[in-house]
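# Results of the structural survey
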Amino acid sequence: MRAPHEVFGSVMQERYEPAVVEPAAQRDWDSRGAFAVAEDPTRPKYYCLCMFPYPSGRLHMGHVRNYTIGDVLARYMRMQGYNVLQPMGWDAFGLPAENAAMANGVPPARWTYDNIAYMKKQLKSLGFGIDWSREVATCRPEYYRWNQWLFLRMLERGIAYRTTGVVNWDPVDQTVLANEQVIDGRGWRTGAIVEKREIPMYYLRITDHAQDLLDALDRLPGWPERVRLMQENWIGRSEGLEIEFEIEGAAEPLPIYTTRPDTLCGVTYMAVAAEHPLAQRAAEGNPDIQAFLAECQRTGVTEAALETMEKRGMPLGVHAIHPITGGRIPVWVANFVLMGYGTGAVMAVPAHDQRDWEFARRYGLRIHQVIQPADGSLAKLDEGAWVERGTLINSGQFDGLDFDEAFDAYAKLFEAQGRGRRRVNFRLRDWGISRQRYWGCPIPLIHCGACGVQPVPDDQLPVVLPEELVPDGSGNPLARHRAFLDCSCPKCGAPARRETDTMDTFVDSSWYFFRYACADNDRAMVDERARYWLPVDQYIGGIEHAILHLLYSRFWTRVMRELGLTDVAEPFTNLLTQGMVLNEIYYRKPAEGRVAYFNPADVDVQVDETGVRVGAVLRSDGAPVESGGIGTMSKSKNNGVDPQALVERYGADTARLFMMFAAPPEQSLEWSDEGVDGAFRFMKRLWKAVHQHVSAGPAPALDPAALDDGLRALRRQVHETIAKVTDDYGRRRTFNTAIAAVMELMNALGRAETAAPQARAVVQEALDSVVLLLAPVVPHACHALWRALGHEEPVVDARWPVADPAALQRQSVEVVVQVNGKLRGRVTVPVDADASAVQAAALADPNVQRYVEGRELRKFVYVPGKLANLVV
RNA sequence: GCCGGGAUGGCGGAACUGGUAGACGCACCGGACUCAAAAUCCGGCGAUGGCGACAUCGUGAGGGUUCGAUUCCCUCUCCCGGCACCA
């Protein structure tokens, strides 16, 4: 083996060749096990985690962006002295594998394992500093047995329970469809109108933790405000009243929940869900209602579909008795009321609720105002509902009360009568985890004819999913696979049938970050090592996971804590949500047939002489294509860029540099081939600068006292850049501005006169700093350059540079001068100049004088070292 | 429909706590080098007016607060993410 200095050092090659540099750096890291980490109580730990990928086949740019952000932070924190863990794994169960199986006849398992092998190679070629010894794949029995084990613990404690749930049913394929497989209300393969169907499912009681999941958001200062807000709204805590309405001719009252009890006297109708017993009973012997209920069956189950559909209803011929006025109120069935939400019934106040108002208008129902604006102004109820709080009117003894007083008065009244109570309600629903699919973690239950549903005993775990089956789109192949199905009842020993439902893949991803800490333990879900590494210090992933995945993980962590498996309250201390990767969309719409999309790589953009775009043509035929604007990279729009091709052409460092430079991580990132060229040019300039410097031999030691003004200014910029980049990486997480600052420094270095010995010393310090500052972003090139600059220790293990306060000193600063807020001049003043000195200097400026002359100075504003404003 | 976010030159973006709008990069234009091209290097580059010094306008649209607003408040438009079985 060659010593590093024979490869680089003084014989550093002149040309920047990533195809040589990158594999060499990767081999060096591999041979030294640079990223394998162990628990070390003597050093502060830093657990840097990126959301694991679904093994879809190849990496896409969103992955590259995600993992580059993580790798930059991991390498930066390592240089800051932390014991850094950066693991990786595979979210390997899920629908796409079944779809691929249907298309190609390949078992999901094989497709998945092949994809993992390929994508792992891609991740390695991008140079991410991952500890691969901790890799997990959720489709492996070693992993999912702990899903099963914890599920059984939840079942024992009543955290998991069985009830019915609503699913999309394709009547032709006789199968349950995912929401994404329902297109415009029809099954994606059969085109059949999808029906709602109730089936038994297992649920986890996440609602038991609703209050805590909400309260703890305040203790997550490291999460973006917008994610906390989205979770808060998702949990949706509300305080209201549950009120029972008597139903004419029925023994059972109709309970409803309202957050606006102050509007109670404005109720002019009630509405129940199609599945509500009142509606079902009214339908008996009434074909019109039956037809309406059947129609309600044929809608999607998503909230978006329900909210956007036409609000329709039908009177049931049943009446409720108003609990205050004693008046008769018609009860309707309405398609927008959901059986699963609250009590499946609502009171309707058209005067003060917009949806009720529209419904009342449509069906000619009464609109009765009971709230008036507190300022006495008039509510225009013929234009829409008046939904603000106000003062009660038309409410008998309650007239004149405000919202809080009315809430209280009604609550006391109903509580005294036993016909209602105060209630806190959450929008959050329990987590249904049953999926009628093959490629997922089997739910470890056994159905016995005599003993009912029995849990699989712990010593028989895991229930292993057979890996050779190929789904065909009509139901779950497990249900036809005798070797899986047949078993004996653990209680009575009689022949029994295994449960064929599998778990939601969100279960797999709710705790994988624990397993990385102890992936090799085959006797326990987690061990002591998880106590060392958890919680995750920095979690990085797409904003699209802001609610579900993160909420489920927070819940699962709470369950693990209840079971004594962890002491961690919250799994992710800091969260960074990265934006999408976008690209141009080009298409042609033929007179007939489907729109054809063209990959931007095959399209030439035409610009006029000022650089403005005037059109685009397809390179292969030279004919014009239409621009469809900018959109997320996707298969359907054919606008993806293959990371592999990019790495092969420019190298991983250029790909990483472009991604980090083009936009701050939280914003969406627009792809640009020209931008990649620019990043590559910068890499070549950096390489050349170091090459030129080291070719002239070793630089002398730096003597800061011996520098002239020019060199002192250059050295100040070096240290200003160190301070800025440190702040940008560490606090702001804006890698684009950090890279821009380094580019500015390189530009200044290129302009400087560097022949003199002390100039060479400053350049050495500058280049050392630049290589250290860029090492997290472009680690391969910096690995080589650091050694070329004469350092023995590899740059991954180098210490992060610290700005020298002495080098940052300045004697004078430029202050901009405004007159009445408009920029009129600039003056240079000593750094320690006081306001009066700056005012005098400002008034001495000829251009400033033009605007101040002959007018009275009313006010003088001075922002030290920056700005002076003369108000005249 | 509901919840969250965004909009700044020809383009991606910068301006961090209300204080110089346009850093850095791309594209484009001009120049150097070259037989030539590519590569590289140097310079210019928001709009309008002016020879120029400068001036006026300008951060999706409209209004407000302030000595001063891309930044804070109100109204609106468009785009993106999520809406519980895509991951």
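Read on for a plain summary of the structure. (Residues numbered from 1 in each chain as written. Chains lettered and ligands numbered in written order. Predicted model: local features only at pLDDT ≥ 70, side-chain atom pairs only at ≥ 80, totals over all residues. Heavy atoms only, no water.)

Further remarks concern the packing of aromatic side chains. Taken as a whole and judged by the stated rule, the model has 38 aromatic pairs. Judged by centre distance (6.2 Å) and plane angle (80°), the ring pair of Tyr67 and Phe128 falls under edge-to-face. One end of the pair, Tyr67, is in helix α3 (residues 61-79); the other, Phe128, is in the loop between α5 (108-125) and β4 (136-137), and 61 residues separate them in sequence. Phe128 matches Tyr67 in its accessibility class, with the two residues each being buried. Ring centres 6.3 Å apart and planes at 10° place the aromatic pair Tyr410 and Phe414 in the stacked group. Highlighted residues: Tyr410 and Phe414, both in helix α13 (residues 403-417), separated by four residues, approximately one helical turn. A residue is classified by how much of its surface remains accessible, and Tyr410, at 0% relative accessible area, is buried. Overall, the relative accessible area of 1% leaves Phe414 in the buried class. The rings of Phe52, Tyr512, Phe513, Phe514, Tyr516, Tyr539 and Phe572 are connected pair by pair, giving a single aromatic cluster. The ring of Trp234 carries the charged tip of Arg427 above its face, separated from the ring centre by 4.6 Å. Seen from the ring of Phe484, Arg498 lies directly overhead, with NZ or CZ sitting 5.8 Å from the centre. (Phe/Tyr/Trp six-rings, centres within 6.5 Å; stacked < 30°, edge-to-face > 60°. Helix = DSSP H or I, 4+ residues; strand = E, 2+ residues; numbered from the N terminus. Buried < 20%, exposed > 50% of the residue type's maximum accessible area, 1.4 Å probe, protein only. Lys NZ or Arg CZ within 6 Å of the ring centre and 35° of its normal.)

Here we come to the pattern of salt bridges. Under the definition given, this model contains 52 salt bridges. Salt-bridge contacts for Arg153 lead to Glu156; the nearest nitrogen and oxygen are separated by 2.8 Å. Linking Arg153 with Glu156, this pair stays in helix α6 (residues 141-156), spanning three residues, or about one helical turn. Of the residues examined, Arg153 reaches a relative accessible area of 12% and is grouped as buried. When its relative accessible area of 56% is taken as the criterion, Glu156 is described as exposed. Note that Arg189 is salt-bridged to Asp173, the shortest N-O span being 3.4 Å. Note that Arg189 is positioned in the loop between β8 (186-187) and β9 (195-204) and Asp173 in the loop between β5 (160-170) and β6 (175-177), a separation of 16 residues in sequence. We classify Arg189 as partly exposed; its relative accessible area is 42%. When its relative accessible area of 16% is taken as the criterion, Asp173 is described as buried. (Salt bridge = Lys/Arg side-chain N within 4 Å of Asp/Glu carboxyl O.)

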